[in-house]
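An overview of the molecular structure
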Amino acid sequence: SMSSFYGMAGAAAWCLGNVAEAVGQWRNGLESSYADTDGLGIHLPLLLLTASILRPGSFETQMALRILRKKARDHRVQEWPGPIALLALGEICKGQLQNHCSAADDLQTQDREWLATFYEAVLTYRVGESAILKRTMQSLADIASPPWANQEFFLVRMWSEEFFIARHEAV
């Protein structure tokens, strides 16, 4: 089994308003035979952290952070999307995360910036900035904005659980 299957199943449940099922899928995915494309397995713990912040009581924030801390011991955490976990753990600041967004090509850089913005908004919400979360999710989900005109960007984002969560939270 691949963690990405659990990731998307959880995103679908999230969008249907079934947070418990979403969290269940993401938790089950932690035991997958194959981790996400980074090989580190950071993606599902980040989704669990998102659930714990956006829907308090759905998953224990400290548990999500413990899972991320364990994953962050791997040297590959410096590779994308590992720096998002480092931001969540307070090991780097937003400026340092932005430095990690630079990639070999513009599409990959743009995709990383989108994902970084998503998680920055979630983490900001954790400290009580609900208006910022809503505005950011609306902006991220606005497929009429210029980045979405690029078909490759559109396809990359459509394969992302965070896109569907952003659209759901934007409403």
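Check the entry above for the structure.
One structure accompanies this document, and this report is about it. (Residues numbered from 1 in each chain as written. Predicted model: local features only at pLDDT ≥ 70, side-chain atom pairs only at ≥ 80, totals over all residues. Heavy atoms only, no water.)

Time to look at the overall build of the protein chain. Within the protein chain one finds 10 helices and 0 strands. Order of helices (α) and strands (β) in the protein chain, N terminus to C terminus: α-α-α-α-α-α-α-α-α-α. Computed over its C-alpha atoms, the radius of gyration of the protein chain comes to 15 Å, within 12% of the 16 Å expected for a compact globule of 171 residues. Going through the 171 residues of the protein chain one by one, you find that 47% of them count as buried. The contacts in the protein chain between residues at least 6 apart in sequence include a share of 55% that link residues at least 24 apart. Split by element, the accessible area of the protein chain, about 8700 Å² in all, is 52% carbon and sulfur. (Helix = DSSP H or I, 4+ residues; strand = E, 2+ residues; numbered from the N terminus. Rg over C-alpha atoms; globule rule 2.2 N^0.38 Å. Buried < 20%, exposed > 50% of the residue type's maximum accessible area, 1.4 Å probe, protein only. Contact = heavy atoms within 4.5 Å. Areas by Shrake-Rupley, 256 points an atom, 1.4 Å probe, with all protein chains shown as cover.)

The next point concerns helix 4 (residues 61–71). What helix 4 keeps buried is the set Thr61, Ala64, Leu65, Ile67 and Leu68. Around the axis of helix 4, the buried residues are gathered within 160° of arc, so they sit on the same side. Against helix 3 (43–54), helix 5 (82–88) and helix 7 (106–126) lie the buried residues of helix 4. (Arc of directions from axis to C-beta.)

With that settled, consider the packing of aromatic side chains. The final tally for this structure, using the stated rule, is 7 aromatic pairs. When the ring of Phe163 is compared with that of Phe164, the centres are 5.1 Å apart and the planes differ by 75°; the resulting orientation is edge-to-face. According to the relative accessible area criterion, Phe163 is buried, its value standing at 3%. (Phe/Tyr/Trp six-rings, centres within 6.5 Å; stacked < 30°, edge-to-face > 60°.)

We now examine a nonpolar patch on the surface. On the surface, Met2, Phe5 and Tyr34 cluster together to form a nonpolar patch covering roughly 360 Å² of accessible area. Mapped onto the elements of the fold, Met2 is located in the segment before helix 1 (3–15). Under the relative-accessibility criterion, Met2 is labelled partly exposed at 37%. (Patch = residues over 30% accessible without salt bridge, like charges linked within 9 Å, V, L, I, M, F, W, Y side chains within 5 Å. Salt bridge = Lys/Arg side-chain N within 4 Å of Asp/Glu carboxyl O.)

Between helix 3 and helix 4, whose axes approach to 8 Å, the crossing angle comes to 160°. On the basis of their axis angle, the class for helix 3 and helix 4 is roughly antiparallel. The two elements helix 3 and helix 4 cross, and the hand of that crossing is left-handed. Contacts between helix 3 and helix 4 involve Pro45, Leu46, Leu48, Leu49, Ser52 and Ile53 from the former and Thr61, Ala64, Leu65, Ile67, Leu68 and Lys71 from the latter. Split by residue class, the contact of helix 3 with helix 4 holds 9 nonpolar, 2 polar and 1 charged. (Axes fitted to C-alpha atoms, helices over the stretch in contact; angles between N-to-C directions. Parallel < 35°, antiparallel > 145°, perpendicular 65-115°, else oblique. Left-handed = near helix turned anticlockwise from the far one by under 90°. Nonpolar A, V, L, I, M, F, W, Y, C, P; charged D, E, K, R; others polar.)

Attention now moves to the pattern of salt bridges. One pass over the structure, following the stated rule, counts 4 salt bridges. We note a salt bridge from Glu60 to Arg66, for which the minimum N-O separation is 3.9 Å. Close ionic contact of Asp111 with Arg157 constitutes a salt bridge, the shortest N to O distance being 2.4 Å. Here Asp111, found in helix 7, pairs with Arg157, found in helix 9 (residues 151–158); they are 46 residues apart in sequence, far enough to count as distant. Residue Asp111 shares its accessibility class with Arg157, and that shared class is buried.

Here we take up unusual backbone geometry. Note: most residues except glycine have negative phi, and most peptide bonds are trans. Residue Pro81 follows Trp80 across a cis peptide bond; omega there is 5°. Along the chain, Pro81 falls in the loop between helix 4 and helix 5.

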